[in-house]
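Architecture at a glance
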Amino acid sequence: MKLLLDMSVLLWWLTDSLKLSPNHRRAIADHANEVFISAATLWEISIRMAESQVELPDGFLELCEAQGFRTLPITPEHAWELRQLPAGPTDPFDRMLITQAKSEGLLLVTSDRAILDYYVGVLAG
C-alpha cells in the first residue's frame, strides 16, 4: 500500500501517542508499505510551530527521513485539481491531502471523519 499521513497521524506516530489507532500503527510500521508526507503537512506543521501550537525538535525532517518516509511535493497539477473538490468546511491543508491522495493513488491515513465525505481512499483507524 501507498500511504499518505495527515498531520495528526504523523505527529502521533513520531511521539508514539496512544491516540494513534492500532490499524494505523500496523500499516505505518509495515515495511511493505510506502509512507508519504506531503509538503502541505510540513507547511501546516511549520505554521503551528510558529504559533506555538506544536513543538518539535530541529531535526524533525531528519527524523521523518530516518523513518523511511518519503516526501510528496505539491505540484501545479495538484493545485489545479483542487477545483474538482466540492466546497466544504475542510481546511485547505486537508483539501490538498485529499487531492494528492486521489491524484497519486494513495490511501489517506487520518482520523478526521469529515474527509470521508470526499470519496478518497482512507485507511480506517
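Residues numbered from 1 in each chain as written. Predicted model: local features only at pLDDT ≥ 70, side-chain atom pairs only at ≥ 80, totals over all residues. Heavy atoms only, no water.

Let's shift gears to the overall build of the protein chain. Helices and strands together make up the secondary structure of the protein chain, namely 6 helices and 5 strands. Mapped in sequence order, the helices and strands of the protein chain form the string β-α-α-β-α-α-β-α-α-β-β. Computed over its C-alpha atoms, the radius of gyration of the protein chain comes to 14 Å, within 12% of the 14 Å expected for a compact globule of 125 residues. Projected onto its principal axes, the C-alpha coordinates of the protein chain cover approximately 35 × 35 × 25 Å. Looking at the protein chain as a whole, 42% of its 125 residues are labelled buried. Taken as a whole, the protein chain presents about 7,200 Å² of accessible surface, with 55% of it coming from carbon and sulfur. (Helix = DSSP H or I, 4+ residues; strand = E, 2+ residues; numbered from the N terminus. Rg over C-alpha atoms; globule rule 2.2 N^0.38 Å. Buried < 20%, exposed > 50% of the residue type's maximum accessible area, 1.4 Å probe, protein only. Areas by Shrake-Rupley, 256 points an atom, 1.4 Å probe, with all protein chains shown as cover.)

Now for the confidence of the model for the protein chain. For any part of a model where pLDDT is low, the fine detail of the predicted coordinates should not be relied upon. Averaged over the protein chain, the pLDDT score is 89; the fraction of residues at 70 or greater is 95%. For the protein chain, per-element mean pLDDT is lowest for strand S5 (residues 122-123), which scores 71, and highest for strand S2 (residues 34-38), which scores 97. (pLDDT = per-residue confidence, 0-100.)

Quick look at the pairing of S2 now. Across the 5 residues of S2, 4 count as buried, placing the element largely inside the fold. Pairing of strand S1 (residues 2-5) with S2 involves 4 bridges; the strand directions are parallel. From the neighbouring strand, Leu4 faces S2, where its bridge partner is Phe36. (Pairing = 2+ DSSP bridges.)

Turning to the sheet that holds S2, a few remarks are in order. Reading across from one edge, S3-S2-S1-S4-S5 is the order of the 5 strands in this open sheet, with parallel pairing throughout. Bordering the open sheet on either side are strand S3 (70-72) and S5, each of which pairs with just one other strand. Judged from the 3 bridges that link them, S2 and S3 form a sheet pairing that is parallel. Paired with Ile37 across the strands is Thr71, a residue of S3. Across the face of the sheet, helix H3 (residues 39-50) comes into contact with S1, S2 and S3 while running at roughly 50° to S2. (Contact = heavy atoms within 4.5 Å. Axes fitted to C-alpha atoms, helices over the stretch in contact; angles between N-to-C directions.)

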